[in-house]
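Coordinates in review
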Amino acid sequence: MRDETKCVLTPMVNEAGYKSLAPAVHRASTIVFEDAKAYATRSRRGPDGYSYGLYGTPTTRQLEAKLQALSGAARTMLVPSGQASNAVAALALLSAGDHVLITDNAYPAMRSLADDDLRRFGILVDYYDPTSLEDLRSRIRPETKLVWCESPGSTTLEVQDIPAIVAIAREAGAMVGCDNTWATSLAFKAHAFGVDIVSEALTKYASGHSDLLMGAMSFTDEGTALKVRAFMGRTGIGVSPDDAALVLRGMETMALRFAHAEAGAHRLTARLKAHPAVADIYWPPLEDSPGYDLWKRDFTGAAGVFTVVLAEGASSGLDDALGALKTFAIGASWGGTRSLVAPMSIGTARSATEVKGEDLFIRFSVGLEAIEELEADIDAFLACLK
Ligand SMILES: *Cc1c(COP(=O)(O)O)cnc(C)c1O
């Protein structure tokens, strides 16, 4: 063999007796076939066979299998971000003339997708009050194909009555999708409550280290999943095996991190609640948080992500209060090792419900630092508020 060829070809080595606890990273665009017949008939390998890197490698399949087992889905598929998961579900399953009902507190990018793109494709878009079954019932119609939930929803964290919503949607012949990013499949088994499509941003708790973006879509029905998978092939949507390996690693500690964040959130919300500068805290395990009863009925845990509403007049000290934080970092997203805080506003992103009072919501996400240090931060934060 000539040197140029030796440089190109990688020798096979003996792998017998090698077994690692770490999943291997299988990178591929090309998959090679043993002979011409195998290549010619590659499409017969089916959705679980290998034919091209975009459609999966053993690394991405391992992550899909892990997520599928945790969620109880018939099939789970990876997409490049949490928002891609929401978007692909809608784009793959809705057609011109179909009607989609989206919860009013949906992740903001889901709302923009609906307003800017779904409408452009002739899909009829409407929003419903996340906590009112009557409102949902009044807006559902014969063309309604999909009812989109997010429970608890973005920013205001209202918990939805998923089994009741599923019953209403079924009666109308519509599918139900749910963004389950906050709870993950650890705390809410959405498929068991009747949800057809479960969307999750693995960017948050599953990856757990704030260093990548990925999403997962899980389906109760294999046929629907394969329809969406074919759409992903046509639109060229797939994920990097390196990122999938990082999520596989992150997930090994996910249950511990999730439980730690929940315990920390209990302590921090108690401290915040006792202070006069705090008017409200939205966090489903708190009895006066919207949907507490539903959370208690349907969920087995809580993410360490909660939203604080300040008392009237207190927000004038907010910039100083955020500046006083030593352990919390200021930034969006959540579910990583670092505790984060981000002031948010809803603006015009609600139409079926109203934002009462000042449009200022401070979202906290508890990470893995010592809770005493986070408590000291909260005290310093509160001391700056009027
Ligand atoms: C973060 C988030 C997303 C989007 O996830 P990305 O991976 O950042 O695109 C979607 N839904 C919810 C509820 C989220 O919190």
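Criteria and thresholds
- Residues numbered from 1 in each chain as written.
- Predicted model: local features only at pLDDT ≥ 70, side-chain atom pairs only at ≥ 80, totals over all residues.
- Heavy atoms only, no water.
- Domains from an automatic or database assignment.
- Buried area = accessible area lost by both parts, 1.4 Å probe.
- Salt bridge = Lys/Arg side-chain N within 4 Å of Asp/Glu carboxyl O.
- Polar contact = N/O pair within 3.5 Å; in protein donor to acceptor, adjacent residues only side chain to side chain.
- Helix = DSSP H or I, 4+ residues; strand = E, 2+ residues; numbered from the N terminus.
- Contact = heavy atoms within 4.5 Å.
- Phe/Tyr/Trp six-rings, centres within 6.5 Å; stacked < 30°, edge-to-face > 60°.
- Buried < 20%, exposed > 50% of the residue type's maximum accessible area, 1.4 Å probe, protein only.
- Lys NZ or Arg CZ within 6 Å of the ring centre and 35° of its normal.

**Structural notes on the domain arrangement of the protein**
- Domain boundaries assigned for the protein yield domain 1 (36–251) and domain 2 (254–383).
- In this structure, domain 1 and domain 2 have C-alpha centres spaced 26 Å apart.
- Of the roughly 3200 Å² buried between domain 1 and domain 2, counting both surfaces, carbon and sulfur atoms make up 63%.
- Looking at the side of domain 1 facing domain 2, the largest losses of area belong to Thr-155, Trp-182 and Tyr-205, adding up to 26% of the total buried there.
- Scanning the region where domain 1 abuts domain 2 turns up one salt bridge.
- Here Asp-161 and Arg-297 are joined by a salt bridge, their closest N and O atoms 2.7 Å apart.
- The tally of links between domain 1 and domain 2 comes to 20 residue pairs in polar contact (both at pLDDT 80 or more).
- Contributions of two or more residues to the side of domain 1 that touches domain 2 are made by strand E3 (124–128), helix H6 (133–139), helix H8 (184–187) and helix H10 (241–251).

**Remarks on the side chain of Ser-207**
- Residue position: Ser-207 is located in the loop between strand E6 (197–201) and strand E7 (215–219).
- Among all residues touching Ser-207, those that are not within four sequence positions of it are Leu-202, Leu-212, Val-247, Gly-250 and Arg-257.

**With respect to the packing of aromatic side chains**
- The full count for this structure, using the stated rule, is twelve aromatic pairs.
- On the numbers, 4.9 Å between centres and 25° between planes, the contact of Phe-188 with Phe-193 is stacked.
- Exposure remark for Phe-193: the relative accessible area of 24% places this residue in the partly exposed category.
- For the ring pair Trp-283 and Phe-306, a centre distance of 6.5 Å and an interplane angle of 65° mean the geometry is edge-to-face. Of this pair, Trp-283 sits in the loop between strand E8 (278–282) and helix H12 (292–298) while Phe-306 sits in strand E9 (residues 305–310), and the two are 23 residues apart along the sequence. Of the two residues, Trp-283 and Phe-306, neither departs from the other in class, the shared state being buried.
- In textbook terms, an aromatic cluster arises when at least three aromatic residues are bridged by ring pairs, as seen for Trp-283, Phe-306, Phe-328, Phe-364 and Phe-381.
- Sitting above the plane of the Tyr-39 ring, Arg-42 keeps its charged end 4.0 Å from the centroid.

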